[in-house]
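# Examination of the molecular architecture
Residues per chain are reported as follows:
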Amino acid sequence: MAATSIPHFRNDAGLPVIRVAAKEFMCIGAKPPFDHPHIFLDMGSETEIVCPYCSTLFRYDGSLSHAICAPPDALWHDSRAA
């Protein structure tokens, strides 16, 4: 098992942009049960990526030291996961 987990982001609010401090992550679209297939996104050397399912634009922001994303509630935690 990996030492770190991949962050999962959601966009229930329909925001045009979500700023993230990770270049590899999962987009779930919206909070379950309204989520789309959980898509792994990898920005590589780019600073932006668009989810092919929900069209959310994710923009890398390395200055996010206090949170992994902005807005902070875009980070999704599965309460069923241990």
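Residues numbered from 1 in each chain as written. Predicted model: local features only at pLDDT ≥ 70, side-chain atom pairs only at ≥ 80, totals over all residues. Heavy atoms only, no water.

### Focus: the sheet that holds strand 2 (residues 17-20)
Within a sheet, each strand pairs with its neighbour through backbone hydrogen bonds, oriented either parallel or antiparallel. How we decide: Strand pairing requires that DSSP identify at least two bridges connecting the strands. A run of H or I in DSSP counts as a helix once it spans at least four residues, and a run of E counts as a strand once it spans at least two, with each numbered from the N terminus.
Within the open sheet, the 4 strands sit side by side as 5-6-2-7. Their pairing is mixed. Every interior strand has two partners, whereas the edge strands, strand 5 (48-50) and strand 7 (69-70), have only one. Relative to strand 7, strand 2 is paired through 2 bridges, and the arrangement is antiparallel. Directly across from Val20, in strand 7, lies its bridge partner Cys69.

### Observations regarding the pattern of salt bridges
The cut-off we apply is this: Salt bridge, as used here, is a side-chain nitrogen of Lys or Arg placed within 4 Å of a carboxyl oxygen of Asp or Glu. The buried label goes to any residue with under 20% of its type's maximum accessible area, the exposed label to any with over 50%, and the partly exposed label to all in between, with areas taken from a 1.4 Å probe on protein chains only.
According to the stated counting rule, one finds 3 salt bridges in the structure shown. Linking Arg19 and Asp61 is a salt bridge whose minimum nitrogen-to-oxygen distance equals 2.3 Å. Of this pair, Arg19 sits in strand 2 while Asp61 sits in the loop between strand 6 (57-60) and strand 7, placing them 42 residues apart in sequence. On the accessibility criterion, Arg19 (34% relative accessible area) is partly exposed. Arg59 serves as the salt-bridge partner of Glu48, at 2.6 Å between the closest nitrogen and oxygen. In this pair, Glu48 is assigned in strand 5 and Arg59 in strand 6, connecting sequence segments 11 residues apart. Residue Arg59 is classed as partly exposed on the basis of its relative accessible area, which comes to 33%.

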